[in-house]
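Close look at the chain arrangement
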Amino acid sequence: MSERTLAIIKPDAVKKNAIGDIMGRYETSGLTPVAIRMMQFSKSTAEGFYAVHKARPFFDSLCTFMSSGPVVVVVLQGNNAIKKHRELMGATDPAKADAGTIRKAHGANIEFNAVHGSDSPETAQFEIAYFFPAMEIVG
Ligand code: IDP
Ligand code: MG
């Protein structure tokens, strides 16, 4: 079933010049970019995006990190895009991520872990709409 997911190439990965590598992995895995936006989050943009994690001890640090530099926000479309993207990303903690995953290749630790990916159809819908009006999504 074709579906959409939201990916974010986080500030650590942008600083490492890993945009091309990560986008290449999407394209060669059958995940088609249908919207792309480069931007720098304000702290409140990050807080709104991660509102689900508000009660977590790492929330403030996470939002500071996510607003620390430019990110690339991407809508990916393809069969089982949400699960497929999570598999490409690897585990949240790069130390536990499988070989060959994006987080294994580019993540430094459980916070600075290179990429974000939606975890369910409901969060994908919220996250995509957070950044893209429908008319800015192609395909
Ligand atoms: P996910 O990105 O794999 O879905 P979540 O549990 O949704 O992981 O956490 C969101 C983000 O918060 C992570 O990608 C990571 O940047 C950060 N994070 C998660 N757990 C921790 C932690 O224990 N310490 C610091 N940062 C964390
Ligand atoms: Mg998550």
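Read on for an overview of the structure. (Residues numbered from 1 in each chain as written. Chains lettered and ligands numbered in written order. Predicted model: local features only at pLDDT ≥ 70, side-chain atom pairs only at ≥ 80, totals over all residues. Heavy atoms only, no water.)

1. Concerning unusual backbone geometry
One non-glycine residue, Asn 17, adopts positive backbone phi at about 60°. Owing to a relative accessible area of 70%, Asn 17 belongs among the exposed residues under this scheme. In this structure, Ala 114 is a non-glycine residue whose phi angle is positive, near 75°. (Buried < 20%, exposed > 50% of the residue type's maximum accessible area, 1.4 Å probe, protein only.)

2. Brief notes about the pairing of strand S3 (residues 71-79)
Counting buried residues in S3 gives 7 out of 9 residues, a clear majority hidden from the surface. In terms of strand pairing, strand S1 (residues 2-9) meets S3 through 8 bridges, oriented antiparallel. When the bridges of S3 are listed, Arg 4 appears paired with Gln 77. (Helix = DSSP H or I, 4+ residues; strand = E, 2+ residues; numbered from the N terminus. Pairing = 2+ DSSP bridges.)

3. Examining the site of ligand 1
The local shell around ligand 1 consists of Lys 10, His 53, Phe 58, Leu 62, Arg 86, Thr 92, Arg 103, Ile 110, Glu 111 and Asn 113. A distance of 2.8 Å separates an oxygen atom of ligand 1 from a polar atom in the side chain of Arg 86. Thr 92 places a side-chain nitrogen or oxygen 2.5 Å from an oxygen atom of ligand 1. Summarising the interface, the protein chains cover 80% of the accessible area of ligand 1, which totals 530 Å² for the free molecule. Residue classes in the shell around ligand 1 are distributed as 3 nonpolar, 3 polar and 4 charged. (Near = heavy atom within 4 Å. Polar contact = N/O pair within 3.5 Å; in protein donor to acceptor, adjacent residues only side chain to side chain. Areas by Shrake-Rupley, 256 points an atom, 1.4 Å probe, with all protein chains shown as cover. Nonpolar A, V, L, I, M, F, W, Y, C, P; charged D, E, K, R; others polar.)

4. Observations regarding the nonpolar core
In this structure, Leu 6, Ile 8, Phe 41, Met 66, Val 73, Phe 131 and Phe 132 are the most contacted members of the largest nonpolar core, which totals 21 residues. Elements represented by at least two residues in this core include exactly S1, strand S2 (32-39), helix H3 (43-49), helix H4 (59-66), S3 and helix H7 (121-131). Looking at which element gives the most residues to this core, the answer is H4, with 5 residues. Those residues within four positions of Ile 8 in sequence are excluded, and the remaining contacts are Phe 41, Phe 49, Met 66, Val 71, Val 72, Val 73, Ala 114, Val 115, His 116 and Phe 131. In terms of nonpolar packing, the next biggest core, distinct from the first, is built from 18 residues, Ile 9, Ile 22, Met 23 and Tyr 26 among them. (Core = buried A, V, L, I, M, F, W, Y, C linked by side-chain atoms within 4.5 Å. Contact = heavy atoms within 4.5 Å.)

5. Focus on the sheet that holds strand S4 (residues 115-117)
The 4 strands lie next to each other as S2-S3-S1-S4, forming an open sheet whose pairing is antiparallel. For this open sheet the edge positions go to S2 and S4, each flanked by a neighbour on one side alone. Ignoring which end each strand starts from, the neighbouring axes of this sheet average 20° apart. Relative to the sheet, H7 contacts S1, S2, S3 and S4, its axis offset from that of S1 by approximately 60°. (Axes fitted to C-alpha atoms, helices over the stretch in contact; angles between N-to-C directions.)

6. Side note on the side chain of Asp 12
Considering the arrangement of structural elements, one finds Asp 12 in helix H1 (residues 11-15). No salt bridge forms around the buried Asp 12; measuring N to O, its nearest opposite-charge neighbour Lys 10 is 6.7 Å away. A distance of 3.5 Å separates a polar side-chain atom of Asp 12 from the backbone nitrogen of Asn 113. Looking at Asp 12, its side chain comes within polar contact range of the main-chain nitrogen of Ala 114, at 3.0 Å. Sequence-distant contacts of Asp 12, defined by excluding residues within four places in its chain, comprise Phe 65, His 106, Phe 112, Asn 113 and Ala 114. (Lys, Arg positive; Asp, Glu negative; His and termini not counted. Salt bridge = Lys/Arg side-chain N within 4 Å of Asp/Glu carboxyl O.)

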